[in-house]
2 protein chains.
Amino acid sequence: MNRLAAAARGDIPSDLVIHNARIANIFTQEYELADIAVYSGKIAGIGQGYNGRVNFDAEGRAVIPGMIDGHIHIEDTMMTPQAFAYTVALHGTSAVMADPHEISNALGMSGLEYMFRASQGLPVDIFYGAPSCVPASEFETPYSELDMSAIKSMFDRKYTQHLGEMMNFPAVIAGDPEAWGKILAAGDVPLTGHAPGVTGKSLNAYLSSGIDSDHECTTLDEAREKLSRGMWLMIREGASFLDLKTLLPLIKDNPLNASRCMAVSDDITARYLLERGHMDEKMRIMIRDGLNPFVALRMVTLSPAEYFRLHDRGVIAPGKIADFVILDSEIMDENFKISSVWKDGRQIVLDNEVFSVALDGNEYSALAPASKVTVTNIPTAEDIKIKAEGSVMNVIGVTEGTVITKTLNVTPKIEDGCVIPDAENDIAKIMVLERHRNTGNFSVGFVKGLGIKRGAVGSSVAHDAHNFVVAGADDISIITALNKLAEMGGGLVVSDGEKITSSFALPIGGLMSYLPPEKVAESLVEMENAASKIGIEIAHPFMVLSFLCLSVIPELRITDVGYIDITKGGKQKLFADFVR
Amino acid sequence: MNRLAAAARGDIPSDLVIHNARIANIFTQEYELADIAVYSGKIAGIGQGYNGRVNFDAEGRAVIPGMIDGHIHIEDTMMTPQAFAYTVALHGTSAVMADPHEISNALGMSGLEYMFRASQGLPVDIFYGAPSCVPASEFETPYSELDMSAIKSMFDRKYTQHLGEMMNFPAVIAGDPEAWGKILAAGDVPLTGHAPGVTGKSLNAYLSSGIDSDHECTTLDEAREKLSRGMWLMIREGASFLDLKTLLPLIKDNPLNASRCMAVSDDITARYLLERGHMDEKMRIMIRDGLNPFVALRMVTLSPAEYFRLHDRGVIAPGKIADFVILDSEIMDENFKISSVWKDGRQIVLDNEVFSVALDGNEYSALAPASKVTVTNIPTAEDIKIKAEGSVMNVIGVTEGTVITKTLNVTPKIEDGCVIPDAENDIAKIMVLERHRNTGNFSVGFVKGLGIKRGAVGSSVAHDAHNFVVAGADDISIITALNKLAEMGGGLVVSDGEKITSSFALPIGGLMSYLPPEKVAESLVEMENAASKIGIEIAHPFMVLSFLCLSVIPELRITDVGYIDITKGGKQKLFADFVR
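What this report covers is the structure whose coordinates are included nearby. Quantities reported herein were computed from a predicted structural model and do not represent experimental measurements. (Residues numbered from 1 in each chain as written. Chains lettered and ligands numbered in written order. Predicted model: local features only at pLDDT ≥ 70, side-chain atom pairs only at ≥ 80, totals over all residues. Heavy atoms only, no water.)

**Some words on the overall build of chain A**
The line we're drawing: The numbering of helices and of strands both runs from the N terminus, where a helix is a DSSP run of H or I of at least 4 residues and a strand a run of E of at least 2. We take the radius of gyration over the C-alpha atoms and set the globule estimate at 2.2 Å times the residue count to the 0.38 power. With a 1.4 Å probe rolled over the protein chains alone, any residue whose accessible area is under 20% of its type maximum counts as buried; one over 50% counts as exposed, and the rest are partly exposed. Should any heavy atoms of two residues lie within 4.5 Å, those residues are considered in contact. Note that accessible areas follow from Shrake-Rupley with a 1.4 Å probe, and for residues the cover is restricted to the protein chains shown.
On a plain count of helices and strands, chain A comes out with 18 helices and 31 strands. For 580 residues, the compact-globule estimate of 2.2 N^0.38 gives 25 Å, and the C-alpha radius of gyration of chain A, at 24 Å, lies within 12% of that figure. The principal-axis extents of the C-alpha atoms in chain A amount to approximately 85 × 50 × 45 Å. Among the 580 residues that make up chain A, the fraction classed as buried is 68%. Contacts spanning at least 24 positions in sequence make up 69% of the contacts within chain A whose residues lie at least 6 apart. When the accessible area of chain A is evaluated, it comes to approximately 18600 Å², of which 48% is carbon and sulfur surface.

**Quick notes on the environment of A:Phe324**
Residue and element names in this part refer to chain A. If you trace the backbone, Phe324 turns up in strand β14 (residues 324–327). Exposure remark for Phe324: the relative accessible area of 0% places this residue in the buried category. With 66 residues separating them in the primary sequence, Phe324 and Gly390 have C-alpha atoms 61 Å apart. Ignoring anything within four residues of it in the chain, the contact list for Phe324 reads Leu16, Ile18, Ile36, Val38, Val63, Ile64, Pro65, Gly66, Ile316, Val341 and Trp342.

**Things to note about the pattern of salt bridges**
All names here are of chain A. Convention followed: Salt bridges, as used here, are contacts in which a Lys or Arg side-chain nitrogen is within 4 Å of a carboxyl oxygen on Asp or Glu.
Per the stated rule, a full pass over the model turns up 68 salt bridges over all chains. A salt bridge links Asp496 to Arg454, with the shortest nitrogen-to-oxygen separation between them at 3.0 Å. Taken together, the positions of Asp496 in strand β27 (residues 491–496) and Arg454 in the loop between β24 (442–448) and β25 (456–459) put the pair 42 residues apart, joining distant regions of the chain. Look at Arg454 and you get partly exposed, because its relative accessible area is 46%. A network of salt bridges, in which partner residues are shared, links Asp125, Asp312, Arg313, Asp323, Lys343 and Asp344.

**Structural notes on the pairing of strand β20 (residues 405–410) of chain B**
Residue and element names in this part refer to chain B. Definition in use: One requirement defines pairing of two strands: DSSP has to find at least two bridges between them.
Two elements, strand β19 (residues 393–398) and β20, share 6 bridges in a ladder whose sense is antiparallel. Among the inter-strand pairings, Met393 is bridged to a residue of β20, identified as Val410. Between β19 and β20, which pair antiparallel in sequence order, lie 6 residues; one of them, Gly401, sits at a positive phi of approximately 90°.

**Comments concerning the packing of helix α5 (residues 148–156) of chain B against helix α7 (residues 177–186) of chain B**
Residue and element names in this part refer to chain B. What counts, and what does not: Axis definition: a line fitted to C-alpha atoms, over the contacting stretch in the case of helices. Angles run 0 to 180 degrees between N-to-C directions. By the definition adopted for this analysis, an angle is roughly parallel if under 35 degrees, roughly antiparallel if over 145, roughly perpendicular if from 65 to 115, and oblique otherwise. Left-handed describes a crossing in which the near helix is turned anticlockwise from the far one by less than a right angle; the clockwise case is right-handed. Under the convention adopted here, Pro, Cys and the residues Ala, Val, Leu, Ile, Met, Phe, Trp and Tyr are nonpolar, Asp, Glu, Lys and Arg are charged, and Gly plus all remaining residues are polar.
The N-to-C vectors of α5 and α7 enclose an angle of 10°; their axes lie 8 Å apart at closest approach. It follows from the interaxial angle that α5 and α7 lie roughly parallel. In this structure, the crossing between α5 and α7 has a hand that is right-handed. On α7, the residues touching Met148, Ile151, Lys152 and Phe155 of α5 are Pro177, Glu178, Gly181, Lys182, Ala185 and Ala186. For the contact of α5 with α7, the per-class residue count stands at 6 nonpolar, 1 polar and 3 charged.

**What to know about helix α5 (residues 148–156) of chain A**
Residue and element names in this part refer to chain A. Within α5, the full set of buried residues consists of Ala150, Ile151, Ser153, Met154 and Phe155. On its buried face, α5 is in contact with α4 (109–118), β8 (125–130), β9 (160–166) and α7 (177–186). Of the residues one or two after α5, Lys158 is the one with positive phi, at around 65°.

**Re a negative patch on the surface**
Residue and element names in this part refer to chain A. Quick note on the threshold: For patch building, the residue pool is restricted to those with more than 30% relative accessible area and no salt bridge; the joining distance is 9 Å between like charges and 5 Å between nonpolar side chains (Val, Leu, Ile, Met, Phe, Trp, Tyr). This count recognises Lys and Arg as positive and Asp and Glu as negative, with His and chain-terminal groups excluded. The location of each charge is read from NZ of Lys, CZ of Arg, CG of Asp or CD of Glu.
A cluster of acidic residues, Asp351, Glu353, Glu518, Glu522 and Glu526, forms a negative patch on the protein surface. With 3 residues, helix α17 (residues 517–533) is the single largest residue contributor to the negative patch. Mapped onto the fold, Glu353 is located in strand β17 (residues 353–354). Overall, Glu353 belongs to the partly exposed group, its relative accessible area being 45%.

**Structural notes on helix α9 (residues 220–228) of chain A**
Note that an α-helix has 3.6 residues per turn; residues three or four places apart therefore point the same way. Listing the buried residues of α9(A) in full gives A:Glu222, A:Ala223, A:Lys226, A:Leu227 and A:Ser228. Looking one or two places after α9(A), you find A:Gly230, whose phi comes out positive at around 90°.

**Details of the packing of aromatic side chains**
Note the following rule: Between 30 and 60 degrees the pair is tilted, below 30 it is stacked and above 60 it is edge-to-face, where a pair is any two Phe, Tyr or Trp rings, Trp via its six-membered ring, whose centres lie within 6.5 Å. Look at NZ for Lys and CZ for Arg. If either is within 6 Å of the ring centre and within 35 degrees of the ring normal, a charge sits over the ring.
In this structure the tally under the stated criterion is 14 aromatic pairs over all chains. Each member of the aromatic cluster is reached from another via a ring pair, and the members are A:Phe56, A:Phe324 and A:Trp342. Seen from the ring of B:Tyr50, A:Lys201 lies directly overhead, with NZ or CZ sitting 4.6 Å from the centre. For the cation-ring pair, A:Arg284 lies above A:Phe336, with the distance from its terminal atom to the ring centre recorded as 5.4 Å.

**Overview of the relation of the copies chain A and chain B**
What counts is decided by this rule: Least-squares superposition of the copies uses the C-alpha atoms of those residues scoring a pLDDT of at least 70 in each of them.
Between chain A and chain B, the superposition needs a rotation of 180° and an axial shift of 0.0 Å, giving an RMSD of 0.1 Å. Such a turn and shift between the copies fits a two-fold axis. Rotation axis and chain A: the residue whose C-alpha lies nearest the axis is A:Leu256, separated from it by 2.0 Å. When you check the interface residues of chain A against chain B, 100% turn up at the interface there too, and the contact is symmetric in its surfaces.

**Regarding the interface of chain A and chain B**
As a measure of interface size, the accessible area lost when the parts come together is often cited. Where we set the bar: Once two parts are brought into contact, the accessible area they lose, counted with a 1.4 Å probe and summed over both, makes up the buried area. N or O atoms closer than or at 3.5 Å make up a polar contact, with two conditions inside protein: a donor-capable atom paired with an acceptor-capable one, and, for residues adjacent in sequence, both atoms drawn from side chains.
Counting from both sides, the interface comprises 54 residues of chain A and, opposite them, 54 residues of chain B. Here chain A and chain B share an interface that buries about 4400 Å² over both sides, 56% of which is from carbon and sulfur atoms. When residues of chain A are sorted by the area they lose upon contact with chain B, A:Phe27, A:Arg229 and A:Leu256 head the list and together hold 16% of the total. Counting the contacts that link chain A with chain B gives 4 salt bridges. For B:Arg260, the salt bridge identified is with A:Glu306, shortest N-O distance 2.5 Å. Here chain A is connected to chain B by 26 residue pairs in polar contact (both at pLDDT 80 or more). Contributing elements (two or more residues each) for the side of chain A that touches chain B: α1 (3–9), β3 (42–47), α6 (169–174), α7, α8 (200–208), α9, α14 (293–299) and α15 (302–307) of chain A.

**Some remarks on the sheet that holds strand β31 (residues 570–572) of chain B**
Residue and element names in this part refer to chain B. Spatially, β29-β30-β31 is the arrangement adopted by the 3 strands of the open sheet, whose pairing is antiparallel. Looking at strand neighbours, the two that pair on one side only are β29 (557–559) and β31, the edges of this open sheet. Across the sheet, the mean angle from the axis of one strand to that of its neighbour is 50°, orientation sign disregarded. In terms of strand pairing, β29 meets strand β30 (residues 562–565) through 3 bridges, oriented antiparallel. Residue pairing across strands places Ile558 opposite Tyr563, the latter belonging to β30.

**A look at the side chain of A:Thr480**
Residues and elements named next belong to chain A. Take Thr480: it is sitting in helix α16 (residues 475–488). Look at Thr480 and you get buried, because its relative accessible area is 14%. One polar contact links the side chain of Thr480 to the main-chain carbonyl oxygen of Gly497, over a distance of 2.7 Å. Beyond its immediate chain neighbours, meaning those up to four positions away, Thr480 contacts Ser495, Gly497, Glu498, Lys499 and Ile500.

The values reported here are purely geometric and, on their own, carry no functional implication.
This is the structure:
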């Protein structure tokens, strides 16, 4: 290894020298025109007059460190880790911190194992968090529960690098021994949090466990309080939850806060990644919003590296691993694009092509997870009828652009003594069917804000337990969709009466496809078009649908157990005025 | 431990509540009037309405986190770790990162062991760096060499938390296997550096080893280059080397840099600590110099905690250890003083008294290090005569206020064919005698800038090998001083002809006294007064003298081996025009 010093001194040729690089330096907040000498996968030196066995002329383009996503769920892109890595490598991402709790809900430990194996040898370093909440709460039913001994085993097997988002904040706040046991089992690693709307003494209690970051802030006040209490802030900017614009004043007002803040994806789609980009797009958004580009750069490079204790990366500096990105322009501006990408000193992207990652679907079949459940216990249209047992109905209120839902009080539309969907007032029936254990358990509720005029949409991506969720304007369409989900072994579906108008199979745990990125994106577009044909005009309808089941986010949600409001302690009634 | 959550929620009383605290928050850059609830040594909550079994009214005074010194050599205070901790606790220090390379040079591994044992159970957490350069270079002779297997053993025994300053930068730059082996032996820990004046490709080579911090910057350009190359900067402000004022523009111009910079002591005296303070004094200096007090605060709290991966401290926040300091004023200003100090939730300082640290000298005798060397092989006045073998003499040039020396070319004053000291031109004779192995090896040179008019000063504190160093205006005085040093088994001495005018014994390795802080400070003042009586008017004369032997700092130094200039590759001649 000390030959690295010889390369740094210039006494031996480097493996690679990038000449005429305009290196963006977050410390001086200046560009420095210099050579970057690379030896044995590491940066040996920065300066003038280096010679490489391979020489590459950056022609005065800006060069930035490989970017790092501090929080993402790869499963939600519906792509395999390979296809995901291919896609984000194109956009200059060199590392992601992934929380595999989707696949772990759907397939247990064997799901995590699959993700870990499928992530080896890729052009992006994928570090996994130990999924801390499988299930997310006691109010939903996953494939199997992963308890504190499972957490310990993930670290022992080196599958995981940090503790994944601890979503069961009520349990942590309450001092629940199982939740605290998982945190202790993780040990001295970054303990990532998830505490939407948690403030004051509850926040104190949450933090007393050692959890030290959060990506759920949606208001400036909440973010300021969490930051002031020592939390690292992950500012989410995914496909449908967009918090950057709201929270950036925190950094604009005091740039020093960039040292404790990062921009993250959380949930994002293949299409977004392909069409708009990944961390590069977050950079453009921040720059467009008026943030100093060097400050923005810190939030997608050094700050996540520091939080996740990745001391070997985050800056272009001697001794660090040679992960860097050449832009197509001299500066980082709101329109920059990626020219080429380098990982561990090897060129992995040029002309928008990733080298050395085969994306032929069949090649990955060998890596398919073993577990698979067949759902046969499916209710009929008759089974899901709802008797009108009150005059004020609780309805899940969807607001576009935020993950938070509202509890709406609505007068039910009644026919033959039963509550029926009310398309005129944008009220659809929504149901969740347990799919992992084939129990046939299901629950029914109503949702406002999806825009469904006829037919139904269904999905096996349904956070976090990933049971089948279907929302529709009539019971026949709902049951049709449900049967198609079971037939495909998971996927997305749009139905209209007894007809399937469009479907997309997700054979990996009902969450992911083996198709290459473009095909995944296309399929999702097709599905969204089909959804639009039955009236759904909101952006990312399947993502919105999937989040209606996440029991740990306020206010009203639906799981296989029924309506859940975590801030109200759990299960809620369908009728606000129902008394038994 | 989950009872901490109950205390945070306010459901059970806390052990301690500080009421009416004006907490200085580095993230909001505001003061927040709140209670601090402490349970089981940790901060449970911050907010209103907490009740404690013990309640303390801060009366609206400012409260800051316990401060952290990122780099100090405790031995150079001449106090034991206990006396040192007592002294700095008074000033709100809760943790120090100490490099025990002085005692390790003087007594080998048993010296390090002594420091570690003497640091247990104190009101200040002392974390040790593994002394990476014993000896500092091949050009000086310590008690014994500590090689890479010794480094590994220090970590295995948990004596050390990080790698101590890697001063042998030429070896690291050259890719020397022993130097690189020590770095590898330390493993994945903070690797602290020492690279005065190292820039360009040499700096690249130094950093390629993984070393990631430096405390030797004396110019803004040097500091900016190191920062831009990914190094954490420790800005030194000790007793005689004062770099804060010079380097603060780096942070004033871009406050975000405070996230990678800290203020450190390096070398400091008992008197300075007692009279001026420790990290609190650095805060006052930074504030006086116009730095935002919240930014300054980060540099003595969170930034060192982050660099040293002490994830449990650095901010007053739930879940962190309860180390904090109540000031005597509502704000951090250039005159603030410490009102009370709390460590792990226990009050340790009130009314300028530290609780629970006994400072009776005798009590520590049981902890005395085992090793001791008796020096009997001492040259005579005749032995140290220097024949005039050239007309241009190299002389060590001292400049007050910087650790850097210059090589001066001087026409020697000659008497009877020998070069003699030239008090009129402020040129004294300086000699170093090897003291650990009783070899009798010595070297002689000349120094300008000490101001010696008559007599001699001597010391067994002589960085880093800590041989005997004596500088004087005549040979008799020099030999008198040397004999007294040997007689005391180390210490400080001032002589005048055959008379000892003042002396101070340092029985622990020739470096430290068992006396309590005030006595150590008084003794040093007495010694400095005695030095002043023979003409020495520079500040901290014994510290300046001791650094003239440090072979790893440019330019000219003197060790038992002779003149050394590390930037010129080692040994230098006395006469610039001497040819043999």
